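Here's the letter readout for the chains.
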Amino acid sequence: MSFEDYRGVWVFMEVKDGAIVPVAKELLGAGRQLADKRKTELAGVLIGDGVSALAEEAIYYGADQVYVYDAPIFKHYRTETYMRALLACTEKYKPEIILYGATSTGKDLASAVATDLPTGLTADTTQLDVEEDTGLLLASRPAFGGNIMATILCKKYRPQMATVRPKVVRALPRDASRIGTITRESIELREEDVRTKVLEIVRQTVQRVRIDEADIIVAGGKGLGSPAGFQLIHEFADVIGAAVGASRDVVEAGWIGHHHQVGQTGVTVTPKIYFAIGISGAIQHIVGMQNSGLIIAINKDPGALIFQSCHYGIVGDAFEIVPMLIEQFKHA
Ligand code: FAD
């Protein structure tokens, strides 16, 4: 394998409900920096049915080039069809780096592509950099229970691939004056050759709070004592228009669903404001919220670890302080 043949940084442009998902725009922001450092091109790969109009959006968010596979066979995400398109494109243009959002689709596609290419995949990364001269991708992620950051290298193979958690890198501001190239691509693929068929899409009916997209999060921990005590977190969140987050112990106790869990084995969040209430501040929780704009902790133990990771700390009983905050904000 000659590394000289591989050029460019690519981002898989995941589309959901007719729009490019936020993490793909964030990756264009990060990819732009990597591409500039390598003095190479940043490309987006857009796959779907009726997605051509989104190609310009990818350019406005930083891409120089967009490869578009637009056909009915790509209407729903299926590992097999998307993988075939991406593999064909990779073989044709030979990118040096491919980035995917660490969403369920991105993780599935990246691992499927990695099994077919002679290369590896660094999953769930939170930091990206590239060596300017060698093009070696420096993909970092928490390791050993979140106690260290491990930088994982793919020294022998190209392309280098990583999935990147939502909200850990920043999108560039949308710039509609940017120009780039849109290249239409296609592959020979007939519906009867695809093993998976989508029979029906059943949408989840419960209102799901997207903590990874919230500007304000009120997160509660075991300090709330019980499911009834945890209602205080919901009440406060409602009053200030925040999403509800939780520690793993709360999720494991069944007080709230897993998609509210913040941390190493939950979601990484970067809201403008993060309230940590009755949360001890274990490292596995901190790695998931430490990049929040403003962290406010409420804990009755002055020695709680959370006070080492917050901007403002209130030492006191949540059941005394939070009702006071609710009253204040209700009348604000
Ligand atoms: P506790 O540690 O029990 O802390 C409760 C806190 O509430 C204490 O600090 C206490 O002083 C305070 N308190 C009690 N009563 C009150 C009151 N009335 N008012 C105010 N404060 C009060 N954890 C996560 O959160 N996310 C993860 O993704 C995650 N992943 C993990 C992965 C691994 C491999 C491992 C080993 C652990 C992981 N954990 C994770 C668990 C983590 O180590 C902690 O156990 C967990 O975060 C603790 O939850 P907690 O802070 O709610 O509970």
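Owing to the predicted nature of the structure, the values given are computational and were not obtained by experimental measurement. (Residues numbered from 1 in each chain as written. Predicted model: local features only at pLDDT ≥ 70, side-chain atom pairs only at ≥ 80, totals over all residues. Heavy atoms only, no water.)

## A look at the overall build of the protein
- Counting secondary structure elements, the protein contains eight helices and 17 strands.
- Across the 332 residues of the protein, 50% fall into the buried class.
- About 16,300 Å² of surface is accessible on the protein, with carbon and sulfur atoms providing 50% of the total. (Helix = DSSP H or I, 4+ residues; strand = E, 2+ residues; numbered from the N terminus. Buried < 20%, exposed > 50% of the residue type's maximum accessible area, 1.4 Å probe, protein only. Areas by Shrake-Rupley, 256 points an atom, 1.4 Å probe, with all protein chains shown as cover.)

## Brief notes about the sheet that holds strand 16 (residues 294-299)
- With respect to topology, five strands assemble into an open sheet ordered 14-13-15-16-17, the strand pairing being parallel. The open sheet has two edge strands with one neighbour each: strand 14 (243-246) and strand 17 (312-315). Within the sheet, the average angular offset between the axes of one strand and its neighbour, ignoring direction, is 20 degrees.
- Relative to strand 17, strand 16 is paired through four bridges, and the arrangement is parallel. In the strand pairing of strand 17, Ile-298 is matched with Ile-314.
- Across the sheet, helix 8 (residues 318-330) is in contact with strand 15 (273-277), strand 16 and strand 17; its angle to strand 16 comes to roughly 135 degrees. (Pairing = 2+ DSSP bridges. Axes fitted to C-alpha atoms, helices over the stretch in contact; angles between N-to-C directions. Contact = heavy atoms within 4.5 Å.)

## Re the side chain of His-285
- Assignment of secondary structure puts His-285 in helix 7 (residues 283-286).
- Look past the residues within four positions of His-285 in its chain and what remains in contact with it is Ala-246, Ser-247, Val-262, Gly-263, Tyr-274 and Ile-279.

## Observations regarding the layout of surface pockets
- One number sums up the size of the largest pocket: a volume of about 1,700 Å³.
- Lining the largest pocket are 49 residues, with Glu-14, Lys-16, Ser-104, Thr-105 and Arg-210 positioned closest to its centre.
- Mapped onto the lining of the largest pocket, the elements with two or more residues apiece are strand 2 (15-16), strand 3 (19-20), helix 1 (22-38), strand 4 (42-48) and helix 4 (104-116).
- Classifying every residue of the lining of the largest pocket gives 20 nonpolar, 14 polar and 15 charged.
- One number sums up the size of the second largest pocket: a volume of about 480 Å³.
- Lys-167, Val-168, Val-169, Arg-170 and Thr-270 are, among the 20 residues lining the second largest pocket, the residues nearest its centre. (1 Å grid on protein atoms, 1.4 Å probe; cavity = no way out; pocket = protein on both sides within 12 Å on 5 of 7 lines; lining within 4 Å. Points joined across faces, edges and corners; volume = space filled by probe spheres on them. Nonpolar A, V, L, I, M, F, W, Y, C, P; charged D, E, K, R; others polar.)

## Regarding the packing of aromatic side chains
- Per the counting criterion, the structure on display carries 10 aromatic pairs.
- Both rings, one in Tyr-77 and one in Tyr-82, keep their centres 4.9 Å apart while their planes meet at 75 degrees; by these two values the pair is edge-to-face.
- A residue is classified by how much of its surface remains accessible, and Tyr-82, at 6% relative accessible area, is buried.
- Aromatic pair Phe-236 and Phe-329: ring centres 6.0 Å apart, planes at 45 degrees, arrangement tilted. Of this pair, Phe-236 sits in helix 5 (residues 227-240) while Phe-329 sits in helix 8, and the two are 93 residues apart along the sequence.
- According to the relative accessible area criterion, Phe-329 is partly exposed, its value standing at 38%.
- Here a set of aromatic residues connected by ring pairs shows up, and it is made of Phe-12, Tyr-69, Phe-74, Tyr-77, Tyr-82 and Tyr-100.
- The side chain of Arg-158 reaches across the aromatic face of Phe-3, ending 3.9 Å from its centre. (Phe/Tyr/Trp six-rings, centres within 6.5 Å; stacked < 30°, edge-to-face > 60°. Lys NZ or Arg CZ within 6 Å of the ring centre and 35° of its normal.)

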